[in-house]
Amino acid sequence: MKAIPVAVRERILQLYDQGKGTPEIAASFGYCVAAVRRIRQHFKARGTLQPQTHRCGRKTLLTDARKARLLQLLEQRPDATLAELGAPFKRPTSTMDLWLTRLGWSCKKNAARQRAVAVRRGGAKKGLAATTGGRVRHSTGVRG
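Residues numbered from 1 in each chain as written. Predicted model: local features only at pLDDT ≥ 70, side-chain atom pairs only at ≥ 80, totals over all residues. Heavy atoms only, no water.

1. Re the pattern of salt bridges
Using the criterion set out here, one finds two salt bridges in the structure. The shortest N-O distance in the salt bridge between E24 and K20 comes to 3.6 Å. Take E24: its relative accessible area is 45%, and that puts it in the partly exposed class. As a salt-bridge pair, E84 and R77 come within 3.0 Å of each other at their nearest N and O atoms. The exposure class assigned to E84 is partly exposed, which follows from its relative accessible area of 38%. (Salt bridge = Lys/Arg side-chain N within 4 Å of Asp/Glu carboxyl O. Buried < 20%, exposed > 50% of the residue type's maximum accessible area, 1.4 Å probe, protein only.)

Right, here's the structure in full:
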């Protein structure tokens, strides 16, 4: 949801100063009563009508101290896997992948898993060809 524009916020405060009620102001602008009331409350608490959008969302876990420590680990072992990098921080590999991406680093591939996939694919075809005499036989269930 978009923030209410500052000009509209100013007009809402002017209507409050004129003695209008919250439901009346909300109906005239097409906002809910809670949103209009919140504008007045935030103005009293903060002293400004600017929306506070910069504090939205989850805060990053990659603090300056952790960033420095991670960069130091990367200098010592640039070929470390995500699990090896995450162990000192007690963070999962998904978090480490996100942190490395933010720092502009790429992660090491799992070479063992890639070999296993290639061997399985190639080995299955060769094994099938050896048992059928070099031909692949399909059973269709219909003989003609």
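2. With respect to the packing of aromatic side chains
Taken as a whole and assessed by the stated rule, the structure comprises one aromatic pair. One residue, R40, lies across the ring of Y16, its end atom 4.3 Å from the ring centre. Its guanidinium or amino end placed over the ring of F89, R69 lies 4.8 Å from that ring's centre, counting from NZ or CZ. (Phe/Tyr/Trp six-rings, centres within 6.5 Å; stacked < 30°, edge-to-face > 60°. Lys NZ or Arg CZ within 6 Å of the ring centre and 35° of its normal.)

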